[in-house]
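A look at the structure
Chain by chain, the residues:
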Amino acid sequence: MRTVLVTRPEPGASKTSERLLGYGFSPLVLPLTQIVPVRVRRPSGKFDAVAATSANALRQLPDRVMQLLLDLPCFVVGDATAAIARARGFQTVTAGDGDGVSLAQTIMEECCTGARILYLAGRVRAPEFERTLRNAGIHHRTLQTYDTVSVTYTGEFLTKFFGQAAVDDCLLYSRRSAEAFLQLSTRADVAGLFKRTEVFCLSPRVADALSGCEKALIHVAAKPDEDALFALLQRVQHSVH
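Residues numbered from 1 in each chain as written. Predicted model: local features only at pLDDT ≥ 70, side-chain atom pairs only at ≥ 80, totals over all residues. Heavy atoms only, no water.

1. Considerations on the sheet that holds strand β10 (residues 198-201)
In any sheet, the strands associate via hydrogen bonds between backbone groups, in a parallel or an antiparallel arrangement. Stated precisely, the cut-off is as follows: Strand pairing is assigned whenever DSSP identifies at least 2 bridges connecting the two strands. Strands here mean DSSP runs of E at least two residues long; helices mean DSSP runs of H or I at least four residues long; both are numbered from the N terminus. Comment: axis = line fitted to C-alpha atoms, over the contacting stretch for helices; angle = value between 0 and 180 degrees taken between N-to-C directions. Contact definition: two residues touch when any of their heavy atoms are within 4.5 Å.
Overall, parallel pairing links the five strands, which are arranged β2-β1-β9-β10-β11 in an open sheet. Each end of this open sheet is capped by a strand with a single partner; those strands are β2 (26-29) and β11 (218-220). Put simply, the sheet's adjacent strands are angled 25 degrees from each other on average, direction ignored. Note: strand β1 (residues 3-6) against strand β9 (residues 169-172), three bridges, orientation parallel. From the neighbouring strand, Val4 faces β9, where its bridge partner is Asp169. Against the sheet, helix α1 (residues 12-22) contacts β1, β2 and β9, and its axis sits at roughly 165 degrees relative to β2.

The structure is reproduced here in structure tokens:
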């Protein structure tokens, strides 16, 4: 049974772990980043819609602010984020095709030029969504609801966690986690466990952070969603065997 290192923060890490077990893999859950809420002030002004490119942006939005927005249509990056939006109380939810550019294009199709969008986001985020909206003449205000911070582990903990077993595969969902993985995999106390680790990235932007890694071991999902990432993982392993 191949081991797969799960680096994403909770609650996603546990869900991914359960899914890996169902596919016959042995998950190693070691979050390299953590989602922390930030202070959110009540947004001023009127908005025509809400947008989110991350489920965490919706999870971390305080109820007192959420209640002010539930009558607005909500545009989200994909189906998983759409499920969170509905769980938080949004009635009208439209999902894009998995990335920020496609979400911005969906908003451009549904909203008229001059529309005002409240963008729920993290402090660390890709710029494409906001840039695409700006170029289309759609006004937006970014409301940061969370931050992503790195998680560090002691050498003693890592030695006990991994033992002497090499890590077969690793899943990377964000650029920040890719940067943290690069630091982890080059630590002297565990570097030997990652010499032949196959790394599976959610997007090219994630893969770009892996400077110095052997390119033959880096794989990028066809679409930036977990279904595509798992399909890639299975396809590569079937080709190996």
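2. Structural notes on the environment of Ile218
So the rule is basically this: Categorising residues by exposure relies on relative accessible area from a 1.4 Å probe, with only protein chains included: less than 20% of the type maximum marks a residue as buried, more than 50% marks it as exposed, and the intermediate range marks it as partly exposed.
Considering the arrangement of structural elements, one finds Ile218 in strand β11. For Ile218, a relative accessible area of 18% gives the class buried. Taking the C-alpha atoms as reference, Ile218 lies 28 Å from Glu130; in sequence the two are 88 residues apart. Look past the residues within four positions of Ile218 in its chain and what remains in contact with it is Val199, Cys201, Ala207, Leu210 and Cys213.

3. Some remarks on the side chain of Gln237
One can find Gln237 in helix α10 (residues 226-240). Setting aside its immediate chain neighbours within four residues, Gln237 contacts Arg2, Phe25, Asp169 and Phe200.

4. Some remarks on the packing of aromatic side chains
Selection criterion: We call Phe, Tyr and Trp rings a pair once their centres come within 6.5 Å, taking the six-membered ring for Trp, and we label the pair stacked below 30 degrees between planes, edge-to-face above 60, and tilted otherwise.
Under the defined criterion, the tally for this structure stands at seven aromatic pairs. With 4.6 Å between their ring centres and 50 degrees between their planes, Tyr119 and Phe129 make a pair best called tilted. Taken together, the residues Tyr119 in strand β7 (residues 116-122) and Phe129 in helix α6 (residues 128-135) connect sequence positions ten residues apart. Taken together, a centroid distance of 5.6 Å and an interplanar angle of 85 degrees make the contact between Phe162 and Phe194 edge-to-face. Highlighted residues: Phe162 in helix α7 (residues 155-162) and Phe194 in the loop between α8 (175-185) and β10, separated in sequence by 32 residues. No difference in accessibility class separates Phe162 from Phe194, as the two residues are buried.

5. Overview of the pairing of strand β4 (residues 49-52)
The side-chain alternation of β4 yields two buried faces, one formed by Ala49 and Ala51 and the other by Val50 and Ala52. As judged from the four bridges shared by β4 and β7, these two strands associate in the parallel manner. Bridge pairing links Ala51 to Tyr119 in β7. Pairing of β4 with strand β5 (residues 74-76), which is carried by three bridges, proceeds in the parallel orientation. For Ala52, the partnering residue across the bridge sits in β5 and is Val76.

6. Considerations on the sheet that holds β7
Read from one edge to the other, the open sheet built from six strands follows the order β3-β8-β7-β4-β5-β6, with strand pairing classed as mixed. Each edge of the open sheet carries a strand with a single partner, namely β3 (33-37) and β6 (93-95). Within this sheet the neighbouring strands show an average axis-to-axis angle of 25 degrees, counted without direction. Sheet contacts for α6: β4, β7 and β8 (139-150); angle to β8, the most-contacted strand, approximately 175 degrees.

7. Looking at helix α5 (residues 100-110)
Quick note on the threshold: Think of a polar contact as two N or O atoms within 3.5 Å of one another; within protein, one of them needs to be a possible hydrogen donor and the other a possible acceptor, and neighboring residues in sequence only count if both atoms come from side chains.
Buried within α5 we find Gly100, Ser102, Leu103, Ala104, Thr106 and Ile107. Against the buried residues of α5 lie β4, β5, β6, β7 and α6. Among the residues of α5, the N-terminal cap falls to Asp99, whose side-chain oxygen and the backbone nitrogen of Val101 are separated by 3.3 Å.

8. Considerations on the pairing of β1
Along any regular strand, the residues point their side chains to alternate faces of the sheet. Stated precisely, the cut-off is as follows: A clockwise path from the first strand over the helix to the second, with the strands pointing away from the viewer, defines a right-handed crossover.
Side-chain alternation along β1 places Thr3 and Leu5 on one buried face and Val4 and Val6 on a second face that is also buried. Pairing of β1 with β2, which is carried by four bridges, proceeds in the parallel orientation. Each residue of the ladder has a partner; that of Thr3, found in β2, is Ser26. This β-α-β element, β1 to α1 to β2, shows right-handed connectivity.

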